[in-house]
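Report on the structure
Here is how the chains run, residue by residue.
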Amino acid sequence: MGVTKEGVESSLSSKLNPSHLEVIDTSGGCGASFAIEIVSAQFEGKRLLERHRMVNAALVEEMKEIHALSIKKALTPDQWKQQQESEKSQSTAQDASS
């Protein structure tokens, strides 16, 4: 049996304690390809490459069966909050100009 979305979520949750986690199975259900968006306080003070390494380390067992892992976002809670506020203000500005 291949890797499941729930298995990836469980491993990341237990090892990185994210405040936001989105895992998308992009393989069509066979568990070979995933896209991830993760927000964790453990990323504080870490460069992007280090954050990606942390995600890969958290999924060391799953990576034996995963052929493609796309880490779309690996943010700190502060970065996530700023991004959400920025997207919200852009959305509000677009609505006002419509």
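Thresholds applied
Residues numbered from 1 in each chain as written. Predicted model: local features only at pLDDT ≥ 70, side-chain atom pairs only at ≥ 80, totals over all residues. Heavy atoms only, no water. UniProt positions renumbered as here; feature names shortened; annotations may be inferred. Pairing = 2+ DSSP bridges. Helix = DSSP H or I, 4+ residues; strand = E, 2+ residues; numbered from the N terminus. Axes fitted to C-alpha atoms, helices over the stretch in contact; angles between N-to-C directions. Contact = heavy atoms within 4.5 Å.

The protein chain has the name Protein BOLA2 in an unreviewed UniProt entry, where Actinidia chinensis var. chinensis is given as its organism. Annotation of the protein chain in UniProt includes, under Sequence similarities (unreviewed entry), the sentence "Belongs to the BolA/IbaG family."

**A word on the sheet that holds strand S2 (residues 33–39)**
Strand order across the open sheet formed by 3 strands is S1-S2-S3, with mixed pairing between neighbours. Of all strands in the sheet, those with a lone pairing partner are strand S1 (20–25) and strand S3 (68–75), marking the two edges. Across the sheet, the axes of successive neighbouring strands diverge by a mean angle of 10 degrees, strand direction being ignored. Bridge count for S2 against S3 is 7 bridges, and the pairing is parallel. In the sheet register, Ala35 faces S3, and the bridge partner there is Ser70. Sitting on the sheet, helix H1 (residues 5–16) is in contact with S1 and S2, with an inclination near 155 degrees to S1. Where helix H2 (residues 48–58) meets the sheet, its contacts fall on S2 and S3, and the angle it forms with S3 comes to roughly 125 degrees.

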